[in-house]
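# Structural overview for review
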Amino acid sequence: MKSHYRVAIVGGGVVGASVAYHLTKFGWLDVVILERSVLTAGSSWHAAGGYHALNADPNIASLQAYTIDILSQLERETGQATGLHMTGGITFACTPDRWEWLQAAYRVFQTMGIEDVRLMTPEEIKAACPIITTEGIHGGMWADREGYIDTTGVVQAYAKGARMRGAEVIEHNRVLELKRRGGGWEVVTEKGTISAEHVVNAAGLWAKQVGRMVGLDLPVSPLEHHYLVTESVPEIEALDFEVPMMVDLDGFTYARQDQKGMLVGIYEINHKHWNMDGAPWDYGFDLIAPDLDRIENELAIGFSRYPALERAGIKRWVNGAFTFTPDGNPLVGPVHGIPGYWLACGVMAGFLQGGGVGKSLAEWMINGEPVADIYGMDVARYGAYASNRDYIRQMTGQFYSRRFVMTYPNEQLWAGRPLRTCPAYDLMTESGARWGVSWGLEVPIYFAPKGFTEIPTLKRSNAFEFVAEECRRTRDSVGIIDTTGFSRYEVTGPNAEKWLDRIVAGRLPKPGRARLAPMLSHSGRLKGDLTVFNWGDGSWWIMGSYYLRQWHMRWFLDNLEEGVSVRDISDAAVGFAIAGPKSREFLETLTTADLSNAALPFLGCAEMDVGLIRAKVGRLSVVGELGYEINCSALEHRTLYRMLKEAGETFGAGDFGFNAMNSMRLEKSFGIWSREFMQGYTPGMTRMDRWIDWQKPDFIGREKAQGERDGEPSKQILVTLEIEAEDADATGYEPIWAHGKRVGYVTSGGYGHSIGKSLAMALVDRDHAEEGDELDVHIVGVERRARVLPNSPYDPTGARMRA
Ligand SMILES: Cc1cc2nc3c(=O)[nH]c(=O)nc-3n(C[C@H](O)[C@H](O)[C@H](O)COP(=O)(O)OP(=O)(O)OC[C@H]3O[C@@H](n4cnc5c(N)ncnc54)[C@H](O)[C@@H]3O)c2cc1C
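This structure is a prediction, so every number in the text was calculated from the model and none was measured.

Turning our attention to the overall build of the chain. A tally of helices and strands in the chain yields 19 helices and 37 strands. Here the chain has a C-alpha radius of gyration of 27 Å; the compact-globule value for 803 residues is 28 Å, and the two agree. The buried share of the chain, reckoned over its 803 residues, is 62%. Counting only contacts in the chain whose residues sit at least 6 apart along the sequence, the fraction spanning at least 24 positions is 72%. If you sum the accessible surface of the chain, you get close to 29,300 Å²; carbon and sulfur atoms cover 51% of it.

The geometry of helix α1 (residues 14–25) relative to helix α2 (residues 58–78) is characterised by a closest axis approach of 13 Å and an angle of 80 degrees between their N-to-C directions. The angle between α1 and α2 falls in the class roughly perpendicular. Residues Tyr21, His22 and Lys25 of α1 touch α2, and the partners they reach there are Tyr66, Ile70, Gln73, Leu74 and Glu77. Of the residues belonging to the contact of α1 with α2, the class tally is four nonpolar, two polar and two charged.

Note that Thr484 resides in the loop between β21 (479–482) and β22 (486–492). Using a relative accessible area of 4% as the deciding quantity, one classes Thr484 as buried. Put simply, Thr484 and Leu441 are 43 residues apart on the chain and 8.5 Å apart in space, counted from C-alpha to C-alpha. Ignoring sequence-local partners within four residues, the contact set of Thr484 consists of Cys422, Leu441, Tyr546, Val574, Gly575 and His637.

It is worth spelling out unusual backbone geometry at this point. Geometrically, the link from Arg417 to Pro418 is a cis peptide bond, its omega value of -15 degrees lying close to zero. Locating Pro418 in the fold gives a position in the loop between α10 (389–401) and α11 (425–430). Located in the positive-phi region is Leu603, a residue other than glycine, with phi close to 70 degrees. The topology assignment puts Leu603 in the loop between α15 (583–588) and β28 (605–610). Even without being glycine, Arg687 reaches a positive phi, approximately 65 degrees. Checked against the element boundaries, Arg687 lands in the loop between α18 (683–686) and α19 (702–710). Arg687 gets classed as partly exposed once you look at its relative accessible area, which sits at 25%.

With respect to topology, five strands assemble into an open sheet ordered β23-β24-β25-β22-β26, the strand pairing being antiparallel. Of all the strands in the sheet, just β23 (513–520) and β26 (565–568) have a single pairing partner and so form its edges. In this sheet, neighbouring strand axes are inclined to one another by 25 degrees on average, regardless of whether the strands run parallel or antiparallel. Two elements, β22 and β26, share four bridges in a ladder whose sense is antiparallel. Counted as the bridge partner of Glu490 is Arg567 from β26.

With that settled, consider the sheet that holds strand β4 (residues 89–93). Pairing in this open sheet of eight strands is mixed, and the strands run β5-β6-β4-β13-β14-β15-β12-β16 from one edge to the other. Two strands in the sheet have a free side with no partner beyond their single neighbour: β5 (117–120) and β16 (314–324). The mean inter-strand angle of the sheet, taken between neighbouring strand axes irrespective of direction, is 20 degrees. By the bridge criterion, three bridges tie strand β13 (residues 245–248) to strand β14 (residues 253–258) in an arrangement that is antiparallel. The residue of β14 that forms the bridge with Val247 is Tyr254. The strands touched by helix α3 (residues 96–111) are β4, β5 and β6 (139–143); relative to β5, the strand with the most contacts, the crossing angle is about 160 degrees. Most of the contacts of α10 go to strand β12 (residues 221–230), to which it runs at about 25 degrees, and overall it touches β12, β15 (261–266) and β16.

Right, let's talk about α1 for a bit. For α1, built from twelve residues, the straight-helix expectation of 16 Å at 1.5 Å per residue is met to within 8% by its first-to-last C-alpha distance of 16 Å. The element α1 is largely enclosed, with a buried count of eleven among its twelve residues. When α1 is considered as a whole, its buried residues turn out to be Val14, Val15, Gly16, Ala17, Ser18, Val19, Ala20, Tyr21, His22, Leu23 and Thr24. Positive backbone phi, at 115 degrees, marks Gly27, one or two positions downstream of α1.

Residues of helix α13 (residues 496–503) that are buried include every one of Ala496, Trp499, Leu500 and Ile503, and no others. Looking straight down α13, one finds that the buried residues subtend no more than 100 degrees of arc, so they occupy a single side.

Taken as a whole and judged by the stated rule, the model has four cavities of 30 Å³ or more. Computed from the structure, the largest cavity encloses a volume of approximately 780 Å³. Along its surface, the largest cavity is lined by 49 residues, and Ser43, Ser44, Phe322, Val347 and Met348 are the ones closest to its centre. Of all the elements in the fold, those that place two or more residues in the lining of the largest cavity are α1, β12, β16, β18 (341–345) and α9 (350–367). Partitioned by chemical class, the residues of the lining of the largest cavity number 29 nonpolar, 16 polar and four charged. A volume near 60 Å³ is recorded for the second largest cavity. In terms of lining, the second largest cavity is formed by Ile481, Thr483, Phe486, Ala577, Ile578, Ala579, Leu620, Ser621, Val622, Val623, Glu629 and Phe656. Examining the composition of the lining of the second largest cavity, we find that three residues originate from one element, strand β27 (residues 573–579), more than from any other. The class makeup of the residues in the lining of the second largest cavity is nine nonpolar, two polar and one charged.

Moving on: the site of the ligand. Around the ligand, the structure places 39 residues, and the nearest of them are Glu35, Arg36, Ser44, Val347 and Gly350. Measuring from an oxygen atom of the ligand, one finds a side-chain N or O atom of Arg36 at 2.8 Å. A distance of 3.4 Å separates an oxygen atom of the ligand from a polar atom in the backbone of Gly42. Burial of the ligand by the surrounding chains reaches 97%, relative to a free accessible area of 1,000 Å². Cavity membership is defined here by more than half of the atoms lying within 2 Å of grid points; on that basis the ligand lies in the largest cavity. Those elements that place two or more of their residues in the shell around the ligand are α1, β12, β16 and α9. In the shell around the ligand, the residues fall into 22 nonpolar, 14 polar and three charged.

As enumerated under the stated definition, the model contains 29 aromatic pairs in all. Where Trp535 meets Trp541, the ring centres are 5.3 Å apart and the plane angle is 80 degrees; that geometry is what we call edge-to-face. Its relative accessible area of 10% is what places Trp535 among the buried residues. Exposure remark for Trp541: the relative accessible area of 5% places this residue in the buried category. Among the aromatic residues, those joined into a ring-pair cluster are Tyr254, Tyr267, Phe322, Phe324, Phe399, Tyr400 and Phe404. It is Arg6 that lies over the ring of Trp28; its NZ or CZ is 3.9 Å from the centre. Between the NZ or CZ atom of Arg165 and the centre of the ring of Tyr21, over which it lies, the distance is 4.9 Å.

Further remarks concern the pattern of salt bridges. Applying the stated criterion across every chain yields a total of 59 salt bridges. Note that Arg145 and Asp69 form a salt bridge whose closest N and O atoms lie 2.7 Å from each other. Of this pair, Arg145 sits in the loop between β6 and β7 (147–148) while Asp69 sits in helix α2, placing them 76 residues apart in sequence. Arg145 gets classed as partly exposed once you look at its relative accessible area, which sits at 25%. Among the salt bridges present, the one from Glu469 reaches Arg472, with a minimum N-O distance of 3.2 Å. Here the residue Glu469 and the residue Arg472 both occupy positions in helix α12 (residues 464–476), the gap between them amounting to three residues, near one helical turn. What makes Arg472 partly exposed here is its relative accessible area of 43%. Shared partners join several salt bridges into a network, and the residues in it are Glu722, Glu724, Lys757, Glu774, Asp776, Arg785 and Arg787.

Cut-offs applied
Residues numbered from 1 in each chain as written. Predicted model: local features only at pLDDT ≥ 70, side-chain atom pairs only at ≥ 80, totals over all residues. Heavy atoms only, no water. Helix = DSSP H or I, 4+ residues; strand = E, 2+ residues; numbered from the N terminus. Rg over C-alpha atoms; globule rule 2.2 N^0.38 Å. Buried < 20%, exposed > 50% of the residue type's maximum accessible area, 1.4 Å probe, protein only. Contact = heavy atoms within 4.5 Å. Areas by Shrake-Rupley, 256 points an atom, 1.4 Å probe, with all protein chains shown as cover. Axes fitted to C-alpha atoms, helices over the stretch in contact; angles between N-to-C directions. Parallel < 35°, antiparallel > 145°, perpendicular 65-115°, else oblique. Nonpolar A, V, L, I, M, F, W, Y, C, P; charged D, E, K, R; others polar. Pairing = 2+ DSSP bridges. Expected span 1.5 Å × (residues − 1). Arc of directions from axis to C-beta. 1 Å grid on protein atoms, 1.4 Å probe; cavity = no way out; pocket = protein on both sides within 12 Å on 5 of 7 lines; lining within 4 Å. Points joined across faces, edges and corners; volume = space filled by probe spheres on them. Near = heavy atom within 4 Å. Polar contact = N/O pair within 3.5 Å; in protein donor to acceptor, adjacent residues only side chain to side chain. Sits in = over half its atoms within 2 Å of the grid points. Phe/Tyr/Trp six-rings, centres within 6.5 Å; stacked < 30°, edge-to-face > 60°. Lys NZ or Arg CZ within 6 Å of the ring centre and 35° of its normal. Salt bridge = Lys/Arg side-chain N within 4 Å of Asp/Glu carboxyl O.

Given below as structure tokens:
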């Protein structure tokens, strides 16, 4: 062991080894893996070793595809056997809804360019896996690139690849303490203290403790997981091929061949947490005693699906633990305020995702940014609220037991809720608010009468008419929406303006004005779709997407300059927005301020009295109407709601929720983050370049954005589509075709209640992006005609917003 390394990786499981492999592959050779026991001694040694193509987040699915590429080449590259069995895999559906979902998922795969998948009939499933009974199976999806590996072999191969380029692996050497010293880290280990510029927490089952070494309480917990391996099965012995990797989503089991027997794993509903504060330090190559009562039901379904197994003896039971985060995705990346400390933990499926995690983290450490959009894995997708023990317990438990359970797009899950509620929560619930959740906050999605129950569906919801009515009321008179679910950051200090001018790519607003402001990363890709307010008294606000609070704050603070203070004031400053043709008249009844166009034009902002409240008001509307965002302190939120409801009666005002907002913003072709805008996209392809101030000599990402502008236009461009769909609307990532050729995909969709059309926004090849171009799109697996609409099909000139 040397006394100094550029990077010290804590943990020699599959993830730590992959990080070392990728760092050295990309040129950082001075790397050490510090391992408490021996390589693989955490979850990695006893994993079932399966890998699948499916993931609900297409960006993560792409990284899984990358991992499968790496697994395929690792043995050749290192000479270390990895026991790769690319058997192919079948995911099958036993309910009509699940079958519909699978057909839709198949289309999403096509969007991702994963072409080696196809749908299968029950007969085809039987031919590929003769030991299955296909009774009750509606159909399945085959993927070529699924199978299993030897887990120990893979970890050793990653480590060997890293060693071949100069990395070291020091086993039997637990990291005891991490101390920040002189711009780097002092790493106290059992074999002595070393220094390192960077430390990576790849401690798997012990990630919680290695987080606490630097004051972090990571949202992660281990849970128990069972699989069994049978003795040889005569029906398998008789085959001259290997049965594929099988996933029975409705039966909660996965199965694969293991020699001439089968391995069957169970995601039981009755889950069990294990050492929530991290594994004991002396936990080694141990197994947890099997808990068969807990998995009895799922096991019975599994055995009835493969009757031959009922006659086979069980060779081995494995009950092991591995880590889960609230949404089941890894925790990757840096944390603001702890420089040089990186996370690569919470990886539930290390053999499936470890390659992508290692690659992305190595790129991030070396180049300052990963190539892929890995927001879904970024530790900054969580805030401090997610460190709460009970929140972690509920969320990880829910994720585990629902791992194979289908979640419908309009379904609300129970865990960790309600956690954060706006002050007017009870009043709004009284008014019929039905709640969704964003970053731990309850947000109103629509309003319905007491007793109404929304039925989970992949198609149009039975809440459709309520949303339609909210849209109608807003477009005809005035609607009221809670805006607690928008983020707000206050920027002050002598250099506030100068800093803002560098951090956003758009022109800054003059005093008393607001402006839309794209924010770019150093690579010229999108980092935010923000609104900047200049209140005229030296203070500025930035407003954006609520759930990006930690992510944006990390960016702001990482790029902070002398003389600037940026504060996330989203918990303190909340509000309501009113929108619709009567909203000026309505607000005039509550204020003596001059609301005329001359005094408060479109995109104007001012402090004014609204009833009893001293409010900060911006004249803008996310639904494309004359509208006002009324910001108040959290303590005034109830009062504001009561006032708006009372005063609104004269104007026929009513509540609307985020579902109606989504419908109306689609009609205006207003993009939103995570859909039309994300960090993998550029200003040119999303039309965000309209808001860039090209006269500004300097802003983050300028050079790259200019390069895009001067170069070839992006292959794809954002458009709005009308879709001939009667009973279902697009939700996102559905493929779009022109004459049978895939030319793009949906970014978001919904029903435009005011214009009476099923709408979608989509990224399509430029030669199919002209108004009137005819296309096809798959909605819930069914092909429908689609047509490119002019941008902003509702009120294209924006006259209503400027009224
Ligand atoms: C029963 C079971 C079945 C599974 N099946 C699959 C599957 O089919 N496919 C799949 O992809 N995944 C599967 N998994 C999950 C998979 O095992 C994990 O995702 C993966 O092993 C996580 O790897 P890791 O490197 O993050 O953590 P770990 O394997 O836990 O490695 C962490 C390492 O860090 C070391 N360490 C911790 N703290 C310190 C310290 N302070 N100092 C030094 N070293 C330290 C530990 O000793 C350990 O070796 C399964 C898991 C189980 C238990």
